[in-house]
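# Structure at a glance
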Amino acid sequence: MTSQSQKRTKFGSKFGVVAAAAGSAVGLGNIWKFPYEAGQNGGAAFLLVYICCVFLLGIPVMVSEFAIGRRAHANVSGAFRKLTGNNRWIGVGVLGALTAFLILSFYFVVAGWSLEYVAQAVSNNFVGKTPTDLSVAFTDFTSDTYRPLFWTAIFVLLTALVLLAGVEKGIERYSKLLMPFLAVILILLSIRSVTMPNGIEGLTFLFKPDFSKITPQVILSALGQAFFSLSLGMGCMITYGSYMRKSNNLVQTAVQVTIIDTLVAILAGVAIFPAVFSLGINPAQGPELVFVTLPGVFTHMPGGYIFAILFFMLLAIAAITSTISLQEVIVAYISEEFHLSRKKVIAVSSLLLMVGGVLASLSLGPHSNLVINGKPLFELLDFVTSKLFLPFGGFLIALFVGWFYKAEYMRDEISNGGKLNTSFFPVYRFLIRYFVPLAILLIFCNELGLLPF
Ligand code: PFF
């Protein structure tokens, strides 16, 4: 072990490990992105395909990422070098760090929106507004030049401060304290939403699948959403795996994180869709769905003023536990591979991410000419990362683990050196060697129209 790897920090308690990984997984992806993706892709049909992707592809890839990270004890790119002894696979790590950069460029902007909505909630701005008013207010705000950028900058700064505090003190402490709160608020919101007039229609939309709605595009969206939501395919869980202890049970952690993440996404759906139908909002409205629907719910519930403030604060907190994990991929990679101080890398990467954020935010309004291939930069970043880079990263990780890395080493890592029962190992091995790469390949080919059926 090198002196550098001995210096690396570690997560503390077992609960802390789950909380940190779940903190990364649970974020805007669950509460902002999942509902609007489901809304645009047929509701229950999307949910069904999503759940299949999460359990059949997500869990095996997450276990693999944890194992790679903990075994190599290094950042996303260094991990592949350490495990193979050569540089052939480090491209997966570089792709991961690049993907983190691209995701953060729009993620920080949306995280900033949640802060604006905290401010709006505090000034009681939602009262008396119809869904149309709320939608207009949202578009006015997001297409403004400076206001969204102000909040984006605050978010970039907050994330940098937590990263400076370090892995255990920063990441773990915040995740552990705040995640359970979010679940409680979502449950209360769900109860209110379901009991609104016509609320049941929203539940039917979310849970009663219309199989004819399952198209190649729906499948690709669900696949991308599964990787995005579980923080997979870009080495985030490799980086977090590298901070885990030899005694952590990787499979159990992956299953727990996946279940928590999926429950939060479904809960967000239950909080949103009944209200969408009750308030007559179009479920396929896109990225503004949550920001238009939930303020509508708050105005219809007792204590709505407080709930609104709490909800958007918790959304910001869920976002920060994810931005930390995304930026940590970049910071660990650059500081370890290029032997630079973490502080410097945090400062410079934050500045560059702010530039990315500025471009993404401006593409929504004042500079709507920032359009590539017919999509505003903001949308393009989301599309390229979720629907291409993350599944492709997952594909490469599955190939590496399934075909290039010794199965025995993997079994050793997953069983904590033979201490844990590994009767499920053949199933895991089958999934990661055949099912995951083939499924991703087929979904890509299907989307490109390369399949005959
Ligand atoms: N999983 C996070 C969310 O659902 O908001 C986003 C994310 C974090 C994606 C970390 C990828 C990642 F590596």
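Just so it is clear, the model here is predicted, and its values are computed rather than measured.

Along the backbone of the chain there are 19 helices and two strands. Computed over its C-alpha atoms, the radius of gyration of the chain comes to 21 Å, within 12% of the 22 Å expected for a compact globule of 453 residues. Taken over the C-alpha atoms alone, the chain extends approximately 65 × 50 × 45 Å along its principal axes. Relative to its 453 residues, the chain shows a buried fraction of 59%. Relative to all contacts within the chain whose residues are 6 or more apart in sequence, the contacts with residues 24 or more apart total 82%. Entry remark: accessible area of the chain is about 17,600 Å², with carbon and sulfur atoms responsible for 68%.

Okay, the site of the ligand next. In the vicinity of the ligand lie 15 residues, with Ala 25, Gly 29, Tyr 107, Phe 228 and Cys 236 positioned nearest. Measuring from an oxygen atom of the ligand, one finds a backbone N or O atom of Ala 25 at 2.9 Å. With respect to the ligand, the side chain of Ser 231 contributes an N or O atom lying 3.0 Å from a nitrogen atom. Taken by itself the ligand offers 340 Å² of open surface, and the protein chains cover 100% of this. Elements with a minimum of two residues in the shell around the ligand: helix H2 (14-25), helix H3 (28-40), helix H11 (216-229) and helix H15 (304-337).

Attention now moves to the side chain of Thr 159. Relative to the helices and strands, Thr 159 is located in helix H8 (residues 147-165). Each residue touching Thr 159, except ones within four places of it in the same chain, is listed here: Phe 108, Ile 320, Thr 323, Ile 324 and Gln 327.

If you walk through the whole model with that rule in mind, you get twelve salt bridges. Here Glu 337 ties to Arg 81 by a salt bridge, and the two come within 2.7 Å at their closest N and O atoms. Of this pair, Glu 337 sits in helix H15 while Arg 81 sits in helix H5 (residues 76-84), and the two are 256 residues apart along the sequence. The residue Arg 342 makes a salt bridge to Glu 328 at a minimum N-O spacing of 3.0 Å. Of this pair, Arg 342 sits in helix H16 (residues 342-362) while Glu 328 sits in helix H15, placing them 14 residues apart in sequence. The network of salt bridges with common partners includes Arg 70, Arg 71, Lys 246, Asp 412 and Glu 413.

Looking now at the packing of helix H10 (residues 199-207) against helix H13 (residues 250-278). With their axes 7 Å apart at the nearest point, H10 and H13 run at an angle of 130° to one another. Classed by the angle they form, the pair H10 and H13 counts as oblique. The chirality of how H10 crosses H13 is right-handed. On the side of H10, the interface is formed by Gly 199, Glu 201, Gly 202, Leu 203, Phe 205, Leu 206 and Phe 207, while H13 contributes Ile 266, Gly 269, Val 270, Phe 273, Pro 274 and Phe 277. The residue inventory of the contact of H10 with H13, partitioned by class, reads nine nonpolar, three polar and one charged.

Glancing now at a nonpolar patch on the surface. Nonpolar side chains collect at one region of the surface, where Phe 55, Leu 56, Ile 259, Leu 263, Trp 403, Phe 404, Phe 430, Tyr 434, Phe 435, Leu 438 and Leu 441 lie side by side and expose about 1,000 Å² of accessible area between them. Elements represented by at least two residues in the nonpolar patch include exactly helix H4 (44-72), H13, helix H17 (377-404) and helix H19 (425-447). Ranked by residues supplied to the nonpolar patch, first place goes to H19 with five residues. Within the secondary structure, Phe 430 sits in helix H19. For Phe 430, a relative accessible area of 46% translates into the label partly exposed.

Another aspect to go through is the packing of aromatic side chains. If you walk through the whole model with that rule in mind, you get 34 aromatic pairs. For the pair Phe 106 and Phe 378, a centre-to-centre distance of 5.9 Å together with 70° between the ring planes defines the contact as edge-to-face. Here Phe 106, found in helix H6 (residues 90-122), pairs with Phe 378, found in helix H17; they are 272 residues apart in sequence, far enough to count as distant. Here Lys 375 stacks its cationic end above the ring of Phe 383, 4.7 Å away from the centre of that ring. For the cation-ring pair, Arg 433 lies above Trp 403, with the distance from its terminal atom to the ring centre recorded as 3.8 Å.

Moving on, we come to H19. Over its 23 residues, H19 runs 32 Å from end to end, which matches the ideal 33 Å to within 8%, given 1.5 Å per residue. Of all bends in H19, the biggest is about 40°, found at Leu 431. Restricting attention to buried positions, one finds in H19 the residues Phe 425, Tyr 428, Arg 429, Leu 431, Ile 432, Val 436, Pro 437, Ala 439, Ile 440, Ile 443 and Phe 444. On its buried face, H19 is in contact with H4, H11, H17 and helix H18 (407-414).

Should pLDDT be low for a region, the predicted coordinates there are not to be read in detail. For the chain, the mean per-residue pLDDT works out to 92, and 95% of the residues sit at or above 70. Counting contacts from residues 1-6, a segment whose pLDDT is below 50, to residues more than four positions away or on other chains yields five contacts.

Our next topic: unusual backbone geometry. A positive phi angle, close to 70°, is found at Asn 198, a residue other than glycine. By the element assignment, Asn 198 lies in the loop between helix H9 (167-194) and H10.

We now examine the side chain of Arg 70. Note on placement: Arg 70 falls in helix H4. For Arg 70, a relative accessible area of 2% translates into the label buried. At 2.8 Å, the side chain of Arg 70 forms a polar contact with the backbone oxygen of Arg 245. Apart from residues no more than four positions distant in its own chain, Arg 70 is found in contact with Gly 241, Ser 242, Met 244, Arg 245, Lys 246, Ser 247, Asn 248, Leu 250, Glu 413 and Asn 416.

Thresholds, definitions, all that
Residues numbered from 1 in each chain as written. Predicted model: local features only at pLDDT ≥ 70, side-chain atom pairs only at ≥ 80, totals over all residues. Heavy atoms only, no water. Helix = DSSP H or I, 4+ residues; strand = E, 2+ residues; numbered from the N terminus. Rg over C-alpha atoms; globule rule 2.2 N^0.38 Å. Buried < 20%, exposed > 50% of the residue type's maximum accessible area, 1.4 Å probe, protein only. Contact = heavy atoms within 4.5 Å. Areas by Shrake-Rupley, 256 points an atom, 1.4 Å probe, with all protein chains shown as cover. Near = heavy atom within 4 Å. Polar contact = N/O pair within 3.5 Å; in protein donor to acceptor, adjacent residues only side chain to side chain. Salt bridge = Lys/Arg side-chain N within 4 Å of Asp/Glu carboxyl O. Axes fitted to C-alpha atoms, helices over the stretch in contact; angles between N-to-C directions. Parallel < 35°, antiparallel > 145°, perpendicular 65-115°, else oblique. Left-handed = near helix turned anticlockwise from the far one by under 90°. Nonpolar A, V, L, I, M, F, W, Y, C, P; charged D, E, K, R; others polar. Patch = residues over 30% accessible without salt bridge, like charges linked within 9 Å, V, L, I, M, F, W, Y side chains within 5 Å. Phe/Tyr/Trp six-rings, centres within 6.5 Å; stacked < 30°, edge-to-face > 60°. Lys NZ or Arg CZ within 6 Å of the ring centre and 35° of its normal. Expected span 1.5 Å × (residues − 1). Bend = angle between axes of the 7 residues up to and from the residue. pLDDT = per-residue confidence, 0-100.

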